[in-house]
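The primary structure of each chain is shown beneath.
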Amino acid sequence: MLLLLLLQISASCLWLGRSEVVTSFKSSCPQFFFRGTPPNEALEPESPAWICQCYKNQYYFATLYDRKRRIPVYSAYLYQPGSGTRPKTWLVEPQLMGPSYPKTMEREWTLLNNFHVSSEEISKSQAILQDYKNLTGLNRGHLNPSSHHSNSSSRIATFTLTNIVPQNEKLNGGAWNNYEQQTMMRRTQGCETTYVIVGAVPGNNYIAKGKVNKPSHIWSSACCEVDNNHRKTWAVIAENDKNEVQLLTLGELEDVLTRLYGREQVSLFDSDCPRE
């Protein structure tokens with residue numbers, strides 16, 4: 001009941017007047033993390049933006065965004081799959097341009113025509129649709145997939161370009177899709193609540209004339225509450241140039257990410273989520 005109350009209180013983008021781009025997930029949208037605990041600072045980029053992803057005045061997930069590389073570091077959400085159509089409209093985050101812009105995601109067209117900003121102004125802080133045109137062997141890969149959400153508004157909210165990376169086309173439509181649709185369904189059987197964090201490791205290559213980073217790896221991790229006293233976890237990682245997904249324990253993924261980032265030990269979830 002306490003968790004449900006917290007979700008209800010924290011779900012609104014307007015709660016206590018807080019906006020979408022925030023200073024802390026813990027104080028603004030903790031409901032997307034097990035026990036309100038986001039990953040530690042080991043993954044933080046040079047120019048971070050903490051986004052409580054807001055659509056129509058409601059929070060649907062959380063994203064740590066890399067303004068400089070114009071890709072998400074990770075997106076965190078609750079796994080609540082449901083039937084429905086796949087959205088077609090792509091959105092951007094106006095507040096990444098500054099606090100005077102809308103607190104909720106909008107179409108580029110809306111910003112260009114109603115707020116009289118240019119595509120160049122939008123693209124200073126984030127990827128835009130033009131960046132993903134004319135790709136070869138890559139496509140727009142969701143970190144937080146629309147199919148893991150239960151209603152049309154939550155699915156539309158995943159179609160923000162701050163939740164997208166240039167992903168290997170075969171991987172996105174092949175082994176990664178199999179993980180999202182089949183493995184997740186099997187693994188979450190018996191789970192009351194499943195917390196998911198999906199991320200991308202920055203690579204050495206870029207698209208859009210050096211503007212948008214192409215990640216070297218895509219990864220996903222989950223901590224599932226079976227009941228108040230039992231939890232189970234799992235994780236995967238994939239190189240972003242192969243159609244293969246490697247299944248790992250949570251602890252193994254954290255160790256792999258620690259090596260890839262070369263900083264302090266990575267911790268993705270609260271310590272009560274088992275690492276084995």
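Residues numbered from 1 in each chain as written. Predicted model: local features only at pLDDT ≥ 70, side-chain atom pairs only at ≥ 80, totals over all residues. Heavy atoms only, no water.

**Q** Which parts of the structure should I look at to understand the confidence of the model for the protein chain?
**A** Fine structural detail should not be taken from predicted coordinates in areas where pLDDT scores are low. The predicted model of the protein chain has a mean per-residue pLDDT of 92, with 93% of residues at 70 or higher. Taken as a whole, residues 1–10 scores under 50 in pLDDT and shows 8 contacts with residues more than four places along the chain or in a different chain. Taken as a whole, residues 15–19 scores under 50 in pLDDT and shows 12 contacts with residues more than four places along the chain or in a different chain. (pLDDT = per-residue confidence, 0-100. Contact = heavy atoms within 4.5 Å.)

**Q** Mind showing me how you'd approach the pairing of strand β2 (residues 48–55) here?
**A** Regular strands have side chains that alternate between both faces of the sheet. With 6 of 8 residues buried, β2 lies mostly within the body of the structure. Relative to β2, strand β1 (residues 21–22) runs antiparallel, the two sharing 2 bridges. Residue V22 lies in a different strand from β2, and its bridge partner there is W50. Relative to strand β3 (residues 58–66), β2 is paired through 8 bridges, and the arrangement is antiparallel. (Buried < 20%, exposed > 50% of the residue type's maximum accessible area, 1.4 Å probe, protein only. Helix = DSSP H or I, 4+ residues; strand = E, 2+ residues; numbered from the N terminus. Pairing = 2+ DSSP bridges.)

**Q** It is not clear to me how the environment of E254 should be interpreted in this structure. Could you clarify?
**A** Within the fold, E254 resides in helix α8 (residues 250–261). The exposure class of E254 is buried, given its relative accessible area of 5%. Sequence separation between E254 and Y206 is 48 residues, and the spatial gap between their C-alpha atoms is 25 Å.

**Q** Looking at this structure, I do not really get the side chain of S146. What am I missing?
**A** Along the polypeptide, S146 turns up in the loop between β5 (138–142) and α5 (152–157). For S146, a relative accessible area of 7% corresponds to the buried category.

**Q** Would you explain the state of the cysteines in this entry?
**A** Linking two cysteines covalently through their sulfur atoms gives a disulfide. Tallied over the full model, the rule gives 3 disulfides. Here C29 pairs with C52 through a disulfide, and the sulfurs are 2.2 Å apart. Given an S-S torsion of about -85°, the disulfide between C29 and C52 has left-handed geometry. Linking C29 in the loop between α2 (25–28) and β2 with C52 in strand β2, this pair joins segments that are 23 residues apart in sequence. Residue classification places C29 among the buried positions, given a relative accessible area of 0%. C52 gets classed as buried once you look at its relative accessible area, which sits at 0%. Paired through a disulfide, C191 and C224 show a sulfur-sulfur distance of 2.1 Å. The S-S bond linking C191 to C224 shows a torsion near -100°; that makes this disulfide left-handed. Here C191 is found in the loop between α7 (175–187) and β7 (193–201), whereas its partner C224 is found in strand β10 (residues 217–227), with 33 residues between them in sequence. Across this residue pair, the class does not change: C191 and C224 are buried. (Disulfide = S-S within 2.5 Å.)

**Q** Before we go on, may I ask you to explain the environment of T194 in this structure?
**A** Following the sequence through the fold, T194 ends up in strand β7. A relative accessible area of 4% means that T194 is categorised as buried. In this structure, the C-alpha to C-alpha distance between T194 and Y60, residues 134 residues apart in sequence, is 15 Å. Discounting residues that sit within four places of it in the chain, T194 has contacts with Y77, L78, Y79, T188, A222, C223, C224 and W234.

**Q** I keep staring at the pattern of salt bridges and nothing clicks. Help me out?
**A** Side chains that differ in sign of charge can pair as their charged atoms come close. Using the criterion set out here, one finds 7 salt bridges in the structure. Residue R35 is joined to D270 by a salt bridge in which the shortest nitrogen-to-oxygen separation is 3.8 Å. Here the residue R35 occupies a position in the loop between α2 and β2, and D270 occupies one in the segment after α8, the gap between them amounting to 235 residues. For R35, a relative accessible area of 47% gives the class partly exposed. On the accessibility criterion, D270 (14% relative accessible area) is buried. The partner of R69 in a salt bridge is D66, with the nearest N and O atoms 2.8 Å apart. According to the relative accessible area criterion, R69 is partly exposed, its value standing at 27%. It is possible to trace a salt-bridge network through shared partners that takes in R35, D270 and D272. (Salt bridge = Lys/Arg side-chain N within 4 Å of Asp/Glu carboxyl O.)

**Q** Quick question: what am I supposed to make of the environment of L78 here?
**A** Residue placement: L78 occurs in strand β4 (residues 71–78). A relative accessible area of 10% means that L78 is categorised as buried. Once the C-alpha coordinates of L78 and H149 are considered, the two residues, 71 residues apart in sequence, prove to be 8.2 Å apart.

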